[in-house]
Amino acid sequence: MESALGALPSMQRGLAERLICLHDEIKGDASLASLSRIAVALYDGSSDQLKTFIHSSDGESPLEHVIARLSDMPTLQQLAWTGARRTINDLDAAAQAGQEHAVRLVASGYRSSYTVPITSKGTFYGFLFFNSFMPNFFVAPVLARLRPYADLIALAVMRELDTVRMMQAAVKVIRSVSSARDEETGAHLARMARYARMIASKLADRQGFSDEFVEFVFQFAPLHDVGKVSVPDAILLKPGRLMPEEFEVMKTHVEKGVQIIDLMVQDFGLKSLPHFDLLRNIVAYHHEALDGSGYPYGLAGSDIPVEARIAAVADVFDALTSVRPYKTAWSNQDALELLQREAGTKFDPDCVAVMVENPDLIADIQARFAETIFD
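Residues numbered from 1 in each chain as written. Predicted model: local features only at pLDDT ≥ 70, side-chain atom pairs only at ≥ 80, totals over all residues. Heavy atoms only, no water.

Enquirer: Got a sec to walk through the nonpolar core? Specific residues and values, please.
Expert: Of all hydrophobic cores here, the largest spans 83 residues; its most connected members are Phe130 and Ile310. Per-element tally for this core: the top contributor is helix α5 (residues 140-177), with 14 residues. The next biggest cluster of nonpolar side chains, apart from the first, holds 12 residues, and it includes Ala41, Tyr43, Leu76 and Phe127. (Core = buried A, V, L, I, M, F, W, Y, C linked by side-chain atoms within 4.5 Å. Buried < 20%, exposed > 50% of the residue type's maximum accessible area, 1.4 Å probe, protein only. Helix = DSSP H or I, 4+ residues; strand = E, 2+ residues; numbered from the N terminus.)

What follows is the structure, given as structure tokens:
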């Protein structure tokens with residue numbers, strides 16, 4: 001059966017579109033007309049990973065779907081620590097010195113760069129990169145003209161991420177004060193989010209996913225089961241198979257989850273939450289199945305949003321390989337074999353294939369986010 005991954009909806013739009021519009025406005029200034037590229041990379045401190053996020057480029061971007069450890073890039077790491085800005089007006093020399101990203105930039109015609117760390121109140125968010133096809137473009141007058149634009153872009157990025165983090169924090173509070181003790185630990189949610197990001201990232205080129213889409217799949221995947229706070233302990237934590245009537249109660253967590261996030265967005269003033277539709281789709285549809293046998297809506301094939309299909313595979317794999325009150329942990333191999341057996345009926349085969357083809361990445365995620373006594 002062919003993959004049900006389909007065309008991306010409007011969720012692909014967002015901060016990236018605003019950056020493109022701002023880039024056009026900046027180039028209306030004659031002194032900045034040769035600014036050829038603006039890009040943002042985000043930092044994940046829990047895994048020391050720097051990830052490409054959004055860009056506006058004259059032509060194809062030389063750096064998309066890139067993830068690298070900040071500790072492997074000492075110059076950038078120093079900028080993150082100090083908040084200093086870096087100007088390279090001869091990228092050819094940097095490329096000849098073997099700097100990997102400079103090599104790729106030069107191959108695409110770029111000849112100079114300007115790097116700005118995005119930081120606020122001791123928090124490092126990532127980097128803002130400016131590039132030009134012209135060598136020696138980033139001279140003092142140009143940098144002075146760019147500074148307010150750099151501050152504006154950095155503020156927009158921080159505001160967008162802070163809104164997402166506010167939603168995540170609100171969900172965490174709801175879980176912590178709920179009488180229902182969810183079996184989904186912090187480590188499970190961290191692993192599940194990274195499996196989802198791995199799937200989206202590996203499929204990005206083939207399916208046309210933007211880095212922005214990949215990032216928000218990662219950010220929102222851990223919120224998929226927020227509705228479980230409404231499920232009684234006796235059912236949620238039952239050490240055995242649920243009776244049919246109990247399973248019907250369990251299934252209500254999906255619709256409850258949608259109600260919760262809708263109320264949070266309304267009551268907590270989060271109407272500006274970026275890509276809210278993406279979050280809502282993950283919460284609402286992560287228990288749907290390709291053959292229509294899932295719940296609660298019985299959607300099938302491409303009617304199931306792609307982000308929900310990604311989250312479903314990530315969630316089921318980690319649930320199978322984790323200890324739960326009613327089961328022991330499966331081996332990775334056994335879990336992958338189940339996903340393969342049900343690929344094309346329950347699960348999207350492309351998403352399953354990514355998991356099967358990347359055992360080393362899975363093992364790294366499991367080692368980095370193992371269960372602890374604090375989970």
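So, next bit.
Enquirer: I'd love a proper account of helix α6 (residues 186-207), names of residues and values included.
Expert: Spanning 22 residues, α6 covers 30 Å between terminal C-alpha atoms, matching the ideal 32 Å at 1.5 Å per step. With respect to burial, α6 is a largely interior element, 18 of its 22 residues being buried. The first or second residue beyond α6 is Gly208, which carries a positive phi of 75°. (Expected span 1.5 Å × (residues − 1).)

Enquirer: Describe unusual backbone geometry, and please don't skip the residues or the numbers.
Expert: If a residue is not glycine, its phi is most likely negative; likewise, a peptide bond is most likely trans. With an omega of 5°, the peptide bond between Tyr295 and Pro296 qualifies as cis. Structurally, the position occupied by Pro296 is in the loop between α10 (276-285) and α11 (306-320).

Enquirer: Can you explain the side chain of Thr115? Please cite residues and give values.
Expert: Within the secondary structure, Thr115 is located in strand β5 (residues 112-120). Overall, the relative accessible area of 1% leaves Thr115 in the buried class. Apart from the residues within four sequence positions on either side, Thr115 is in contact with Leu76, Leu79, Arg85, Arg86, Phe127, Leu128 and Phe129. (Contact = heavy atoms within 4.5 Å.)

Enquirer: A description of the pairing of strand β6 (residues 123-132) should follow, citing residues and the corresponding values.
Expert: Counting buried positions along β6 gives 9 out of 10 residues, so the element sits mostly inside the fold. Bridge analysis of strand β1 (residues 35-44) against β6 gives 7 bridges, and the strand direction is antiparallel. Across the sheet, Ala39 pairs through a bridge with Phe129, a residue of β6. Inspection of the sheet shows β5 paired to β6 by 9 bridges, in the antiparallel sense. Across the sheet, Thr115 pairs through a bridge with Phe129, a residue of β6. (Pairing = 2+ DSSP bridges.)

Enquirer: Residue-level account of the pattern of salt bridges, with values.
Expert: Here the structure, examined in full by the defined rule, presents 15 salt bridges. A salt bridge links Arg197 to Asp44; the shortest N-O distance between them is 3.7 Å. Taken together, the residues Arg197 in helix α6 and Asp44 in strand β1 connect sequence positions 153 residues apart. Accessibility assignment for this pair places Arg197 and Asp44 in one class, buried. A salt bridge links Asp318 to Arg191; its shortest N-O distance comes to 2.7 Å. On the criterion of sequence distance, the pair formed by Asp318 in helix α11 and Arg191 in helix α6 is long-range, its members being 127 residues apart. According to the relative accessible area criterion, Asp318 is buried, its value standing at 0%. Put simply, Asp44, Arg194 and Arg197 are held in one network by salt bridges that share partners. (Salt bridge = Lys/Arg side-chain N within 4 Å of Asp/Glu carboxyl O.)

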